[in-house]
Structure formats: structure tokens, C-alpha cells
Amino acid sequence: MSIKILEDHREVWQKKPVLKAIYQGFYDRIVKKTVLGTTLEIGGGTGNLKEYLPQVISTDIISSPWLDCVCDAQLLPLRDGSLSNIVAIDVLHHIERPIRFFREAIRLLRPGGRIILLDPAITPLSWFFYHIIHEEPVVLNTNPLEDGPLSLGRKPFDANQAIPSLLFGKHKKSFSKEFPDLQIVERSFMSLWCYPLSGGFKPWSLIPSFVINPLLKFEKKIEPYLGRFFGFRLFIVLEKREPA
């Protein structure tokens, strides 16, 4: 991914009310889960979170004019205990060694601070879409907690969309054992059909703008019942435990 792609995404964002309505729902959920204090966004991409959380420090691994800092989520240039929240939207599945990111997050968060993640969810319905249609791979037979040297020649935006579902599904117990300082406050499946039918950051949409808000309200009501089977997104809130 290059700055040109991010610029194209920003242009789509400005011209596509359906996409804005969907992400407003995402951002509203995220903001409600933050706690008082400094918030860092990793993988800031097109910088849209600033419209909903103006005080956020927005970072990414590539430079762009609307971001505050360029850095790698696996080695963040901030002092210990300096953050209240770390927000990552569609980022976790791009990180080669998630274990390094969570170690950094624990170092940076004050007690009671939160990590708020929104990433692809692998469910019976979404697997077909992500595996067959989406350009990013879904590799389920991998260890998401594996550590080791970073790969030479790996592109910053290489991905495995299965990583979030593996970490907080099959490998959930291993995650909790590896990071006892982090408590899972929320784990929910969301975003059933509106996002894939919207075309995302593509210029097209199968949903007319005048029906998107009623559809989103209905979708949110049935997410607790159908999300595990049909959800396209996994919403995770982790909290750093207070010292004993």
C-alpha cells in the first residue's frame, strides 16, 4: 500500500455517504469504550478517526500529511505508562508479530488503560468473502502468538485476516496466559452485511444512501444473535489490570 492508495481512499471517503455512515457506527462504538486520557491510534491510514476523536495521536507505518507520527506498532517510540488508550482499526491482521505489539501496549498503557481493536472476523459467511473475494489471505493454520525475528523483505501491509479470530478464539487461553496483565472486557462480532454490500473503499455501493441508516439500526439489533455466524468484524476491548 502506498500514499497514493491512501489518497484514493480519502477521496472515496469524502464522496461516499454510505461508507461514512458505516464507519460512524464503528467510531461511535470505539469512542464510547475509551477512558479518560491520551489516545494513540496505530495504523491511522486515511486519518478519519480524528473527525470523531480530535485529540487522538494518529500514527502509521508510512508517512502521510494527515498523520502525527510514523512508527511500527511492534516498537512504539513512547514512554512507559504514557497512554490511556490504544486504538487500532483494521491493523492487527497486518502485524507480523502481534505478540510484540501487545508487549508494547502493556508497557505504554497506564493501569486501567485500554486497547480497542476492530478487525476482520472469520465466521461461516465472512470466510467465503474474505477467502474467495478479498485480496488479503486467510491462513487459519498459523500460530498468532509466535515470536521471532521479523521477516526480511516483508511488505508493511502484508496480512493474514485470520489473526484476530485466532487470537481471541482458538488461541484465547494461550493469549490470556501470555498476557495476564490484559483483561478481555468485550469480544463481539458485528457488521453483518452492510459493509460488504457497500463496497468498502471501492467507488461502488449496492446500498442506496437513503436506506443505509435504517439498515444499520436493524443490523445492530440482530448482531448479538447472528454475529457469530454472519459477522464480518470482530470488536475487542482489552484493559490493563490494576496492580495487585
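In this report, the structure presented in the accompanying data block is examined.

Cut-off values and rules
- In this numbering scheme, every chain counts its residues from 1 along its sequence in written order.
- Side-chain atom pairs in this predicted model are given and counted only at pLDDT of 80 or more, local residue features only at pLDDT of at least 70, and totals for whole chains, interfaces and linings cover all residues.
- Hydrogens and water are ignored here; the side-chain numbers use all heavy atoms of the structure.
- In the sections that follow, a salt bridge refers to a side-chain nitrogen of Lys or Arg positioned within 4 Å of a carboxyl oxygen of Asp or Glu.
- Here a strand is any run of E in DSSP of at least two residues, a helix any run of H or I of at least four, and the numbering for each starts at the N terminus.
- Remark: exposure states derive from per-residue accessible area (1.4 Å probe, protein chains only) relative to the maximum for the residue type, with buried under 20%, exposed over 50%, and partly exposed in between.
- For helices, the fitted axis covers only the stretch in contact; all axes are lines through C-alpha atoms, and the angles between them, taken along N-to-C directions, range from 0 to 180 degrees.
- For classification, angles of less than 35 degrees are called roughly parallel, those exceeding 145 degrees roughly antiparallel, those between 65 and 115 degrees roughly perpendicular, and all remaining angles oblique.
- Every residue pair with non-hydrogen atoms within 4.5 Å of one another is taken to be in contact.
- Residues are grouped as follows: Ala, Val, Leu, Ile, Met, Phe, Trp, Tyr, Cys and Pro are nonpolar; Asp, Glu, Lys and Arg are charged; all remaining types, including Gly, are polar.

**What to know about the pattern of salt bridges**
For the structure shown, the criterion picks out eleven salt bridges. For Asp147, the salt bridge is made with Arg103, and the minimal N-O distance between the two is 2.7 Å. Here Arg103 lies in helix H3 (residues 98-108) and Asp147 lies in the loop between helix H4 (124-133) and helix H5 (163-170), a separation of 44 residues in the sequence. When the shortest N-O distance is used, the salt bridge between Glu104 and Arg107 registers 2.9 Å. With Glu104 and Arg107 both in helix H3 and three residues apart, this pair spans about one turn of that helix. The exposure class assigned to Glu104 is buried, which follows from its relative accessible area of 10%. You can call Arg107 partly exposed: its relative accessible area is 26%.

**Re the packing of helix H1 (residues 3-15) against helix H2 (residues 17-33)**
The N-to-C vectors of H1 and H2 enclose an angle of 95°; their axes lie 6 Å apart at closest approach. When the interaxial angle is binned, H1 and H2 end up roughly perpendicular. Mapping the contact onto sequence places Val12, Trp13, Gln14 and Lys15 in H1 and Pro17, Leu19, Lys20, Tyr23 and Tyr27 in H2. Here the contact of H1 with H2 is composed, by residue class, of six nonpolar, one polar and two charged.

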